[in-house]
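The chain contents come next:
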Protein chains: 4
Amino acid sequence: MTATSTKPKYEIKDLSLAATGRQRIEWAGREMPVLRQIRDRFAQEKPLAGIRLVACCHVTTETAHLAIALKAGGADAILIASNPLSTQDDVAASLVADHDIPVFAIKGEDNETYHRHVQIALDHRPNVIIDDGSDVVATLIQQRQHQIADIIGTTEETTTGIVRLKAMFRDGVLTFPAMNVNDADTKHFFDNRYGTGQSTLDGIIRATNLLLAGKTAVVAGYGWCGKGTALRARGMGANVIVTEIDPIRAIEAVMDGFRVMPMSEAAPEGDLFITVTGNKHVIRAEHFAAMKDGAIICNSGHFDIEIDLKSLGATATEVKQVRNFTQEYRMPNGKSVVVLGEGRLINLAAAEGHPSAVMDMSFANQALACEYLVKNKGSLEPGIHSIPTEVDREIARLKLQAMGINIDTLTAEQEEYINSWTAGT
Amino acid sequence: MTATSTKPKYEIKDLSLAATGRQRIEWAGREMPVLRQIRDRFAQEKPLAGIRLVACCHVTTETAHLAIALKAGGADAILIASNPLSTQDDVAASLVADHDIPVFAIKGEDNETYHRHVQIALDHRPNVIIDDGSDVVATLIQQRQHQIADIIGTTEETTTGIVRLKAMFRDGVLTFPAMNVNDADTKHFFDNRYGTGQSTLDGIIRATNLLLAGKTAVVAGYGWCGKGTALRARGMGANVIVTEIDPIRAIEAVMDGFRVMPMSEAAPEGDLFITVTGNKHVIRAEHFAAMKDGAIICNSGHFDIEIDLKSLGATATEVKQVRNFTQEYRMPNGKSVVVLGEGRLINLAAAEGHPSAVMDMSFANQALACEYLVKNKGSLEPGIHSIPTEVDREIARLKLQAMGINIDTLTAEQEEYINSWTAGT
Amino acid sequence: MTATSTKPKYEIKDLSLAATGRQRIEWAGREMPVLRQIRDRFAQEKPLAGIRLVACCHVTTETAHLAIALKAGGADAILIASNPLSTQDDVAASLVADHDIPVFAIKGEDNETYHRHVQIALDHRPNVIIDDGSDVVATLIQQRQHQIADIIGTTEETTTGIVRLKAMFRDGVLTFPAMNVNDADTKHFFDNRYGTGQSTLDGIIRATNLLLAGKTAVVAGYGWCGKGTALRARGMGANVIVTEIDPIRAIEAVMDGFRVMPMSEAAPEGDLFITVTGNKHVIRAEHFAAMKDGAIICNSGHFDIEIDLKSLGATATEVKQVRNFTQEYRMPNGKSVVVLGEGRLINLAAAEGHPSAVMDMSFANQALACEYLVKNKGSLEPGIHSIPTEVDREIARLKLQAMGINIDTLTAEQEEYINSWTAGT
Amino acid sequence: MTATSTKPKYEIKDLSLAATGRQRIEWAGREMPVLRQIRDRFAQEKPLAGIRLVACCHVTTETAHLAIALKAGGADAILIASNPLSTQDDVAASLVADHDIPVFAIKGEDNETYHRHVQIALDHRPNVIIDDGSDVVATLIQQRQHQIADIIGTTEETTTGIVRLKAMFRDGVLTFPAMNVNDADTKHFFDNRYGTGQSTLDGIIRATNLLLAGKTAVVAGYGWCGKGTALRARGMGANVIVTEIDPIRAIEAVMDGFRVMPMSEAAPEGDLFITVTGNKHVIRAEHFAAMKDGAIICNSGHFDIEIDLKSLGATATEVKQVRNFTQEYRMPNGKSVVVLGEGRLINLAAAEGHPSAVMDMSFANQALACEYLVKNKGSLEPGIHSIPTEVDREIARLKLQAMGINIDTLTAEQEEYINSWTAGT
C-alpha cells in the first residue's frame with residue numbers, strides 16, 4: 001500500500017501490518033535497555049526539541065526504538081530506508097500507525113523509489129542527518145548546497161560511510177561536523193563484529209539451509225565485520241580462508257589460525273564466499289570462472305557492489321531462482337554459481353539484521369551523538385569527530401548494569417599507582 | 001661468574017655457556033626473518049653509526065638478534081636486563097663472547113644488582129634508550145638530569161612503560177621524544193596477544209604440569225595481553241573468568257563468551273589466577289582469604305606487584321618450595337595458595353618468554369624506531385610518538401613475504417572507488 | 001486442503017504447494033550425493049521390490065530424497081509425519097504430485113490427526129517400518145499384534161527410539177529385528193552432533209533474533225545432540241552451562257571447558273535453556289520459578305515432554321504469543337518465561353531441521369538398513385542390530401569422494417604391521 | 001648410578017634424586033584424588049595381598065601414585081620403564097628410597113637395557129602384568145610360555161597395546177584375560193584426548209619455543225589422541241591439517257573444521273608434523289623430500305616407528321643437535337627437517353607426560369582392573385575384557401565429587417519414563 005497525497009505523510013507497504021510490527025518492536029525492546037534509559041531521559045529533558053531530523057537507516061525493530069527515542073527527545077524526525085531490501089514492512093507500519101512517525105520505506109523498492117525517498121528526506125529540511133552509508137549527506141552536498149546552512153551536523157553509522165565522509169572532507173565539501181558513531185568502541189566492537197558475525201550466518205542459513213560444518217568459507221575482508229564473520233563461521237565448523245589487501249590485517253588473520261591468500265587462489269577452494277570489504281568488485285569475472293560448481297556467494301558489506309553481478313549476469317547462460325533470496329547463475333563453462341540476496345547485505349535481505357542486543361549500544365551512540373551535536377551547535381569544527389570517550393564508557397556501563405554484571409573499580413592505592421611514574425622494578 | 005675490572009666490560013653468569021647460547025640464538029633466528037633483513041640493510045647503511053645506545057630488555061635469544069642488528073647498524077650498544085628473573089644466562093654469554101656486546105644481566109640477580117646495572121647503563125651516556133617498562137628513563141629523569149642533553153630519544157616496548165611515559169609527560173618531565181613501539185599494530189596485536197597468550201600458559205604448565213582442561217582460570221585484565229591469555233586458556237579447555245575495571249573491555253569479554261565479575265566474586269571460583277593488568281595489588285589479602293585450598297596464582301604483567309605478595313608473606317604460617325618456580329603459602333585458615341615465579345612475569349621466569357616469531361616484528365619496530373629517532377634528530381617534538389604507519393605496514397609485508405603468503409592488491413578501479421565518495425546505493 | 005476419499009490416497013495441506021516443494025527438494029539434493037548414488041543403484045537393482053514400507057519421518061526436503069530412493073528401489077512406500085510440527089507442507093505436496101508417493105502429514109496437525117495417521121500407516125500392512133522415535137512400532141505392538149507376522153523388521157533413526165526399543169526387547173515384546181541406524185557412526189557423529197547443533201541454534205535465532213554472544217546458555221544433556229548444541233552455542237559466543245545425570249558425560253563436559261551443575265543451580269543463571277536429554281520434565285515448576293525474568297526455554301530432544309509445559313501453563317497468569325513460535329508465560333511471581341515452538345523440536349518447528357549434508361549420511365544408512373533387512377529376511381534374530389561396519393565405512397567413503405577429499409591408504413608394510421603383535425619397542 | 005648386586009634390587013639413575021622426586025610426587029598427588037581414595041581403601045582391604053605384580057609404565061610422578069596404591073593393596077610390585085626416554089629419574093629414586101618399590105628404569109637407557117629390564121620383570125614371575133604397549137606380555141608369550149601358568153591376567157593402558165592384544169588373541173596365543181583399560185570412558189576420553197592433547201603441545205613448545213599461532217600443523221591420525229592434539233593445536237592458533245586412513249574419522253575431522261588430505265599433499269604444507277596413529281612409517285622418505293625447509297616433525301604415538309628415522313638418517317648429509325631434544329637433518333636437496341625427541345613420545349621426552357588430573361582416572365582404572373582380575377581369578381575367559389561400566393561410572397563420580405561438582409539425578413518419574421516404552425508423542 002502506498003499512501004500518497006500532495007505531500008505524502010508516509011510511503012510504506014501496508015498499514016495493516018502494524019500489529020505484527022508492534023509486537024516485534026516490543027520483543028526487540030527487551031534486549032535494548034540502554035536505549036530505553038536514554039529514551040526515558042530524553043522524554044523528560046527534550047534535548048532535541050525543535051530539531052528537524054532525518055534518519056536514513058535499515059528499517060528494523062531496533063531502528064524503531066531509535067526513532068521512538070528521538071521523537072521522545074522532541075525531534076521532528078522522519079525515517080527513510082538506507083537499503084532497498086532491508087525494510088521490515090511491519091515495523092514501518094507500526095511506526096506510522098502507533099507512533100505517528102513518517103516512514104518512507106518499502107522492502108524491495110526499486111532504485112528509483114529509493115532515490116525519491118532520499119529527496120523526500122531532504123525536502124524535510126533537516127538540521128541533523130543520521131546516515132548509514134552516507135547517501136543522504138552525499139546527495140545533500142551534490143544537489144542541495146542551499147540547505148547546508150540548515151545543517152547542525154550528521155552522524156554516521158558505518159565504516160563505509162566514514163570512508164566516504166573522509167573523502168568528502170579531503171575534497172573540501174564536508175563543511176559541517178560529522179559524528180563518527182562507527183568508531184565508538186561500544187559500536188564497532190559489538191555491532192560490526194558480533195552483530196554482523198551472527199546475522200550474516202543467520203542470513204546465509206535461512207537462504208540456503210546449508211550445513212556450515214566441513215565447508216570451506218572464504219571471507220573477503222578482515223576488518224571488524226570480517227573478523228566477526230570469520231569467527232562465527234569457524235564457530236559453526238567451517239574451514240575459513242581470509243582474503244585481504246592490508247598486510248597487518250592479513251597477518252592478524254594468519255595468527256588467528258585462518259588461511260590467507262589472494263581471491264584468485266581462494267576461488268577454486270571455497271564452497272561459500274562472503275564479502276565484507278567496503279570495496280567494489282571484490283569477486284569478479286575471473287573468480288566466478290575459477291569456482292567449484294555450485295559455489296555460493298553473498299555479501300555482508302554495506303553496498304551491493306562487492307560482487308560484480310553485472311558481469312556475472314552478462315555471461316550467464318541462465319539465471320534461475322532456486323530458493324527465496326537464492327539465484328543460480330549457469331555459466332558458459334557449464335558450472336553454476338549461486339548468489340544470495342542479489343548481492344545486498346545478506347543479514348538484512350534474508351534475516352532480520354543485527355540482533356537488538358548490539359544495536360542497543362550502536363543506537364545509544366546515535367541518540368547521544370545527535371544530542372551532542374545539538375548541545376554543541378556552533379562550536380564544533382567541520383569534519384569528522386569521535387564520540388567522546390565518556391559517552392562510550394557510559395554506554396558500556398549502562399549495558400553491563402542492565403545485564404546484572406558488576407566489575408572492579410580502582411582502589412585509591414591503584415588510582416595513585418596508575419597515575420604515577422616513579423615506582424618501578 | 002662475574003667479570004669485573006675497574007670498568008667492567010660485562011657482568012654475566014658464566015662465559016662458558018656461550019656455546020649453548022649461540023646454538024639457541026641461531027635457532028631463534030629461523031623465526032625472525034624480518035629482523036634479519038633489517039640487520040642486513042643496517043650492516044650496509046650503518047644508520048646508527050656513532051650512536052651510544054642502551055637496551056634494557058629481557059635478555060633472551062630474540063633480544064640477542066635485536067642487539068646484533070643494532071650493532072650491525074653501527075651503534076655502540078650495551079644491554080642490561082629489564083627484569084631480575086628473565087635473563088637467559090647462556091644468551092648473555094654468547095653476546096659477550098661471540099658478538100662482543102657488553103651485557104649486564106644475571107638470572108636471579110637481586111634488586112640491588114638490578115639497579116646497579118641501570119646505573120652502569122646510564123654511565124654509558126646513551127643517546128638512545130630502548131626501554132622496557134621505562135625504568136631506565138625514569139631513573140635518568142630522577143637522577144641524571146645533566147645527561148638529558150645527550151638524549152636523542154627513547155623507544156618503549158610495553159603498555160606499562162607507555163602509561164609511565166604519559167604520566168611523565170603530564171608532569172612535564174619528559175623533555176625528549178619517545179617512540180611508542182607498543183602501539184604499533186605489528187607489535188601489540190601479535191606480541192602482547194599471541195606472544196603473551198602462548199608463553200604465559202607455557203610458563204604455568206612448565207611450573208606446575210597442571211591440566212588446564214576443566215580448570216576455572218581467572219584472568220585479571222582484558223587488554224591485549226589479557227585477551228591473548230584468556231583466548232589461549234580457553235583454547236586449552238579452561239573455563240575462563242575475566243576481571244576488569246574498564247566497562248568497554250568488560251563487555252567485550254562478556255561478548256567473547258567469558259564470565260565477568262569482580263575479583264572478590266572470582267576469588268572463590270578460580271583454580272588458577274593470572275594477572276595481566278599493569279596495575280598494583282590486583283590480588284590482595286581479601287582475595288587470598290577467599291580462595292579454594294591449593295589455588296594457583298601467577299602474574300604475566302610487567303611488574304611483580306600485581307599480586308600483593310608482601311601481605312601474603314606476612315600472614316602465611318609457612319612458605320614451602322614445592323616445585324621449581326612454585327611456592328606454597330600456608331594461610332592461617334589452614335588453606336594454602338600457590339604462587340608461581342615469585343609473582344614475576346611467569347612466561348620469562350618459568351619458560352622462555354615470547355616465541356621468536358612475534359618478537360621478530362616487535363624488535364623490527366624497535367630497530368626501525370631507533371633509526372627513525374636518529375634520522376629525525378632535532379625535528380621531533382618532546383612527548384610520545386607513534387611508529388609511522390608505513391613502517392608498521394612494511395613490517396607486516398616483510399613478515400607475510402617471509403611466510404610465503406600472498407595477499408590481494410587493489411585494482412585500479414578499486415583504488416579509485418575507495419577514494420571517491422560520489423558512488424552510492 | 002485435505003484430500004480424503006473412502007480410502008484416502010494422501011492427506012496434506014495443499015497440493016498447489018508442489019512447485020515450491022519441488023524446487024526446495026532439488027536444492028537439498030545438491031548436498032545429498034551419497035543417497036543419490038544409492039538411489040541410482042536401487043533403480044537398477046530394485047532390492048525392495050514388492051516390499052510394503054512405512055516411513056514415519058519428519059517430512060522435510062531430505063526425507064523426500066529418502067522416500068524417492070525407496071520408491072526407486074521398488075518399495076510400495078507411504079510416508080507419515082513423525083512430529084505434528086515438523087512437516088514442510090510444500091514437500092508433502094511435491095511428493096504426492098511429482099512422485100506419486102502417498103503422504104499423510106500436515107504441519108500443525110493435532111494429536112488426534114497424528115495418531116490417525118499412524119493408524120493409516122499400519123493399515124498399509126507394512127513389511128518394513130522406518131521409524132523415528134518408535135511410535136509406529138510401539139503402536140503396532142500394542143494394538144496390532146496380528147500384523148507382526150507381516151513384519152520383516154524396523155529401522156530406527158533416533159536415540160530416543162532406541163531407548164524405547166531396548167525397553168520393548170527387555171519386556172519381551174520386540175519379536176522382530178530392529179536396525180539401530182542411530183548408532184551408525186556416519187549417523188550419530190554427524191546428524192546428532194553437527195546437524196542438531198547447527199539447526200537448534202538456527203531455530204532459536206529464527207524464533208527470537210537473539211544475540212547469542214554474551215548470553216548464558218544452559219544445555220540439558222551432553223549426549224551427541226547435547227555435545228553439538230553446546231559446541232555451536234559456544235561457537236556463537238555464548239557462555240554454556242551443561243546439566244547431566246551421567247557422571248562420565250558430566251566430566252567430559254567439564255573437560256571441554258563448560259560449567260556443569262544441577263538444573264536447580266543453573267536455573268537462575270541461564271538466559272537461554274535448551275533440553276536435549278530424551279527424558280521427561282527436565283525443566284519443571286521448581287526451575288521456572290527460579291529463572292530470570294524473560295528467560296527463554298526450548299527443546300531439541302525428540303518428544304515435547306522435556307519441558308513440563310503442563311505445569312507451566314497451569315500456574316501462568318497469562319500466556320501471550322510474542323513472535324512466531326514464541327510464547328510468553330507470565331508467572332505468579334511477576335516474572336515471565338518464554339517458550340519456543342511449544343516445546344517441540346525447535347529446529348523443525350522454527351527452522352528447517354537438519355541440513356541436507358548430514359541427512360545424506362543418515363538416510364543413506366536408512367536406505368541401506370532397509371535393503372539389509374530384506375536381504376537377510378528370516379536370518380536375523382529378533383532384537384536390536386547394528387548397521388554393519390562395512391556399510392558405515394562405505395557411506396563415509398562415498399561422502400568423502402563426493403566432497404573431493406582423498407585420504408591415505410595403508411601401505412603393504414603398514415597393513416602387515418597393524419596385524420602383527422611381535423614388533424615392539 | 002646403577003645399583004646392581006647378584007640380584008639387583010633396583011636399577012635407576014641416582015638415588016640422591018629422591019628428595020626432588022618426593023616433592024614432585026607430592027605435588028602430583030594434589031590432582032589425583034580418585035587414586036588416593038582407592039589407595040586408602042586398598043590399604044584397609046588389601047585386595048592384592050600375595051600377588052606378584054609387574055608394572056611396565058612411563059615412570060612419572062603419576063605412575064608413582066599407582067605403584068604406591070598397588071603396594072598399599074598388598075601387591076609385591078616391581079616397576080619397569082615402558083619407554084627408554086620417558087623415565088623421570090627423580091621419581092624412580094623416590095620410589096626406591098621412600099617407598100621401597102623396586103624400579104628398573106633410567107632416562108635415556110639404550111634398547112639393550114630396556115629389554116634387559118623386561119627380562120628382570122619376567123624374572124619376578126608376575127601374576128598380574130600392568131602393560132603399556134604390550135611389550136611385557138608379548139615377550140612373555142614369545143619367550144616364557146612356562147610362566148603363563150602363573151598369570152592371572154594383564155591390564156593394558158594404550159590403544160597400541162590393545163591392537164597388539166587383539167592380534168595375539170586372533171593368533172590364539174593370548175590364553176589369559178586382558179583388561180582393556182584403554183577403552184574405559186574415564187580413560188580414553190580424558191587421558192588420550194585432553195592428556196595427550198595438552199602434553200604433546202607442551203613437549204613441542206619446550207623443545208622448540210615455537211609460536212603455534214599462524215603455523216600449519218599436520219596431525220597424522222584422528223583417534224582420541226589425534227582429536228585431542230588437533231583440538232589443542234587449534235586452540236593455540238595453529239591451522240590444522242589431519243591425515244587419516246579411516247573414512248569415518250576423516251569425515252569427522254572435516255566436519256570439525258579441519259582440512260583432510262593424504263600425507264603426500266600435506267607434506268609441502270606443514271610447518272609442524274605430529275604423528276599419533278599407532279602405525280609405522282606414517283612419515284617416510286617421500287614425505288621428507290617434499291617438506292618445507294625447516295619443517296618440524298615429532299611423534300606422540302606409542303612407539304618410535306611412526307616417523308621413518310632410519311631412512312631419514314640414511315639420506316641425511318648432516319645431523320646436528322640444535323636444541324635439547326631437537327635434531328636437524330640436512331637433506332641432499334639442501335633443505336633440512338627437524339626431528340624432536342628422536343621420534344619418541346614427545347610429551348614424555350621433552351615434557352612431563354600427561355598431567356596428573358587425567359592420569360588420576362586412568363590409573364584408578366588400572367588399580368581397579370587389577371583388583372577385578374584378582375577377585376575374578378579363574379572365572380574370566382581368556383581374551384580382552386572391558387572395564388565394567390559400574391567401575392567406569394564410579395571413577396567419574398569420585399572425580400566430580402573431588403572437584404566439588406554436583407550433577408542431576410533422575411527423579412522417580414524420570415526413572416520410570418526412561419524404562420518404559422509405551423509413552424510416545
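No experiment lies behind these values; they were computed from the predicted model shown. (Residues numbered from 1 in each chain as written. Chains lettered and ligands numbered in written order. Predicted model: local features only at pLDDT ≥ 70, side-chain atom pairs only at ≥ 80, totals over all residues. Heavy atoms only, no water.)

**Quick word on the overall build of chain A**
Item 1. Looking only at helices and strands, one finds 17 helices and 15 strands in chain A.
Item 2. Relative to the 2.2 N^0.38 estimate, which gives 22 Å for 425 residues, the radius of gyration of chain A is 22 Å and therefore close to what a compact globule would have.
Item 3. In terms of principal-axis extent, the alpha carbons of chain A reach across some 75 × 65 × 45 Å.
Item 4. Here chain A holds 425 residues, and the buried ones make up 67% of them.
Item 5. Restricting the contact set of chain A to residue pairs at least 6 apart, pairs at least 24 apart contribute 72%.
Item 6. Accessible surface for chain A amounts to roughly 13800 Å². Of this, 49% is attributable to carbon and sulfur atoms.
Item 7. Separation between the mean location of the 42 positive side-chain charges and that of the 53 negative ones in chain A comes to 3 Å. (Helix = DSSP H or I, 4+ residues; strand = E, 2+ residues; numbered from the N terminus. Rg over C-alpha atoms; globule rule 2.2 N^0.38 Å. Buried < 20%, exposed > 50% of the residue type's maximum accessible area, 1.4 Å probe, protein only. Contact = heavy atoms within 4.5 Å. Areas by Shrake-Rupley, 256 points an atom, 1.4 Å probe, with all protein chains shown as cover. Lys, Arg positive; Asp, Glu negative; His and termini not counted. Charge placed at Lys NZ, Arg CZ, Asp CG, Glu CD.)

**Some details on the environment of Leu53 of chain C**
Residues and elements named next belong to chain C.
Item 1. Mapped onto the elements of the fold, Leu53 is located in strand S1 (residues 52-57).
Item 2. Separated by 98 residues in sequence, Leu53 and Ile151 have C-alpha atoms that sit 9.7 Å apart.
Item 3. Once residues lying within four places of it in the same chain are set aside, the contact partners of Leu53 are Leu48, Leu70, Ala75, Asp76, Ala77, Ile78, His124, Val128, Ile130 and Cys370.

**Some points on helix H15 (residues 356-375) of chain A**
Item 1. Its 20 residues place the ends of H15 of chain A 28 Å apart at the C-alpha level, agreeing with the 28 Å of an ideal helix rising 1.5 Å per residue.
Item 2. Among the 20 residues of H15 of chain A, 18 are classified as buried, and the element is accordingly described as predominantly covered. (Expected span 1.5 Å × (residues − 1).)

**Focus on the domain arrangement of chain A**
Residues and elements named next belong to chain A.
Item 1. One can read the domain layout of chain A as domain 1 (15-187 + 353-402) and domain 2 (194-349).
Item 2. For domain 1 versus domain 2, the separation of C-alpha centres amounts to 29 Å.
Item 3. The interface is formed by 18 residues belonging to domain 1 together with 14 residues belonging to domain 2.
Item 4. Between domain 1 and domain 2, a total of about 1300 Å² is buried, with carbon and sulfur atoms accounting for 62% of that surface.
Item 5. Applying the counting criterion to the domain 1 and domain 2 interface returns five residue pairs in polar contact (both at pLDDT 80 or more).
Item 6. Class assignment for the residues of the side of domain 1 that touches domain 2 results in four nonpolar, 10 polar and four charged. (Domains from an automatic or database assignment. Buried area = accessible area lost by both parts, 1.4 Å probe. Polar contact = N/O pair within 3.5 Å; in protein donor to acceptor, adjacent residues only side chain to side chain. Nonpolar A, V, L, I, M, F, W, Y, C, P; charged D, E, K, R; others polar.)

**Brief notes about the sheet that holds strand S15 (residues 383-386) of chain C**
Residue and element names in this part refer to chain C.
Item 1. Read from one edge to the other, the open sheet built from seven strands follows the order S3-S2-S1-S4-S5-S6-S15, with strand pairing classed as parallel. A single partner strand is all that each edge strand has here, and the edge strands are strand S3 (103-104) and S15.
Item 2. Strand direction decides the pairing type here: strand S5 (residues 153-156) and strand S6 (residues 177-180), joined by three bridges, are parallel. Bridge pairing in S6 links Glu156 to Asn180.
Item 3. Along the sheet, helix H6 (residues 135-143) contacts S1, strand S2 (76-81), strand S4 (128-131) and S5; its crossing angle with S4, the most-contacted strand, is approximately 130°. (Pairing = 2+ DSSP bridges. Axes fitted to C-alpha atoms, helices over the stretch in contact; angles between N-to-C directions.)

**Some words on the packing of helix H1 (residues 18-29) of chain D against helix H4 (residues 89-99) of chain D**
Residue and element names in this part refer to chain D.
Item 1. In contact at an axis separation of 7 Å, H1 and H4 are set at 95° when each is read in the N-to-C sense. Viewed along their axes, H1 and H4 adopt a mutual orientation that is roughly perpendicular. Contacts between H1 and H4 involve Ala18, Thr20, Gly21, Arg22, Arg24 and Ile25 from the former and Asp90, Val91, Ala93, Ser94, Ala97 and Asp98 from the latter.
Item 2. Classifying every residue of the contact of H1 with H4 by side-chain character gives five nonpolar, three polar and four charged. (Parallel < 35°, antiparallel > 145°, perpendicular 65-115°, else oblique.)

**Some points on the environment of Leu85 of chain A**
Residues and elements named next belong to chain A.
Item 1. Note on placement: Leu85 falls in the loop between strand S2 (76-81) and helix H4 (89-99).
Item 2. In this structure the C-alpha to C-alpha distance between Leu85 and Leu15, which are 70 residues apart in sequence, comes to 18 Å.
Item 3. Setting aside its immediate chain neighbours within four residues, Leu85 contacts Lys107, Gly108, Gly341, Arg344, Leu348 and Ala349.

**Describing the interface of chain D and chain C**
Item 1. Listed as interface residues are 75 residues of chain D and, on the opposing side, 75 residues of chain C.
Item 2. Buried area between chain D and chain C, summed over both chains or domains, comes out near 6500 Å², and the portion from carbon and sulfur atoms is 61%.
Item 3. Seen at the junction of chain D and chain C, the total is six salt bridges.
Item 4. In this structure, the salt-bridge partner of Arg393 of chain C is Asp246 of chain D, at a minimum N-O distance of 2.9 Å.
Item 5. Summed over the shared surface of chain D and chain C, the result is 21 residue pairs in polar contact (both at pLDDT 80 or more).
Item 6. Residue assignment for the side of chain D that touches chain C shows that the elements contributing at least two residues are helix H5 (111-123), helix H6 (135-143), helix H7 (159-170), helix H8 (185-208), helix H10 (247-255), helix H11 (263-266), helix H16 (389-402) and helix H17 (412-418) of chain D. (Salt bridge = Lys/Arg side-chain N within 4 Å of Asp/Glu carboxyl O.)

**Here's the deal with the interface of chain B and chain A**
Item 1. Chain B puts 75 residues into the contact, and the matching count from chain A is 75 residues.
Item 2. Across the chain B to chain A interface the summed buried area is about 6500 Å²; carbon plus sulfur atoms make up 62%.
Item 3. Across the contact surface, chain B and chain A share six salt bridges.
Item 4. Within the residue set of the side of chain B that touches chain A, elements represented by two or more residues are helix H5 (111-123), helix H6 (135-143), helix H7 (159-170), helix H8 (185-208), helix H10 (247-255), helix H11 (263-266), helix H16 (389-402) and helix H17 (412-418) of chain B.
Item 5. Per-element accounting of the side of chain B that touches chain A gives the leading share, seven residues, to H10 of chain B.

**Section: the pattern of salt bridges**
All names here are of chain A.
Item 1. Applying the stated rule across the entire model yields 129 salt bridges over all chains.
Item 2. Taking the shortest distance from any N to any O, the salt bridge between Glu352 and Arg206 comes out at 3.3 Å. Taken as a pair, Glu352 in the loop between helix H14 (346-349) and H15 and Arg206 in helix H8 (residues 185-208) lie far apart in primary sequence, 146 residues in all.
Item 3. Residue class for Glu352 comes out buried when judged on its relative accessible area of 10%.

**Structural notes on the relation of the copies chain D and chain C**
Item 1. Rotating chain D by 180° about the axis while translating it 0.0 Å along that axis superimposes it on chain C, leaving an RMSD of 0.0 Å. What we have between these two chains is a two-fold relation.
Item 2. Comparing contact sets, 100% of the residues at the interface of chain D also lie at the interface in chain C, consistent with an isologous, same-surface contact. (Least-squares fit on C-alpha atoms with pLDDT ≥ 70 in both.)

**Digging into the UniProt feature "binding site: substrate" (unreviewed entry) in chain A**
Residues and elements named next belong to chain A.
Item 1. Sequence positions flagged by UniProt for "binding site: substrate" (unreviewed entry) are, in local numbering, Thr60, Asp132, Glu157, Lys187 and Asp191.
Item 2. Examined against the element boundaries, Asp132 turns out to sit in the loop between strand S4 (128-131) and helix H6 (135-143).
Item 3. Judged by its relative accessible area of 7%, Asp132 is buried.
Item 4. Once residues within four sequence positions are removed from consideration, Asp132 is found in contact with Cys56, Cys57, His58, Ser82, Glu156, Glu157, Thr158 and His302.
Item 5. Mapped onto the fold, Lys187 is located in helix H8.
Item 6. Among the polar contacts listed, one links the side chain of Lys187 to the side chain of Asn182, at a separation of 3.1 Å. (UniProt positions renumbered as here; feature names shortened; annotations may be inferred.)

**Remarks on the nonpolar core**
Item 1. In terms of nonpolar packing, the biggest core is built from 198 residues, with Leu53 of chain A together with Leu53 and Val103 of chain C touching the most fellow members.
Item 2. Listed in part, the 195 residues of the second largest apolar core include Phe42 and Met179 of chain B, Ala250 of chain C together with Met361 of chain D. (Core = buried A, V, L, I, M, F, W, Y, C linked by side-chain atoms within 4.5 Å.)

**Describing the packing of helix H15 (residues 356-375) of chain C against helix H16 (residues 389-402) of chain C**
All names here are of chain C.
Item 1. Where H15 meets H16, the closest approach of the two axes is 10 Å, and the angle between their N-to-C directions is 145°. As H15 runs across H16, the sense of the crossing is right-handed. Judged by residue contacts, Ala357, Asp360, Met361, Ala364, Asn365 and Leu368 of H15 engage Val391, Asp392, Ile395 and Lys399 from H16.
Item 2. Here the residues of the contact of H15 with H16 are counted per class, giving six nonpolar, one polar and three charged. (Left-handed = near helix turned anticlockwise from the far one by under 90°.)

**Regarding the pairing of strand S11 (residues 295-299) of chain D**
Residue and element names in this part refer to chain D.
Item 1. For S11, a buried count of five out of five residues is recorded, marking the element as mostly surrounded by other parts of the structure.
Item 2. Side chains Ala295, Ile297 and Asn299 project from S11 onto one buried face, and the interleaved Ile296 and Cys298 project onto a second face that is buried too.
Item 3. Where strand S10 (residues 272-275) and S11 come together, four bridges link them in parallel fashion. Looking at S11, one finds that Leu272 is bridged to Ile296.
Item 4. Remark: the S10/helix H12 (residues 285-290)/S11 crossover connection has right-handed handedness.
Item 5. In the sheet, S11 pairs with strand S14 (residues 336-340) via three bridges, with the strands oriented parallel. Considered in S14, the bridge of Ile297 is made with Val339. (Right-handed = clockwise from strand over helix to strand, strands pointing away.)

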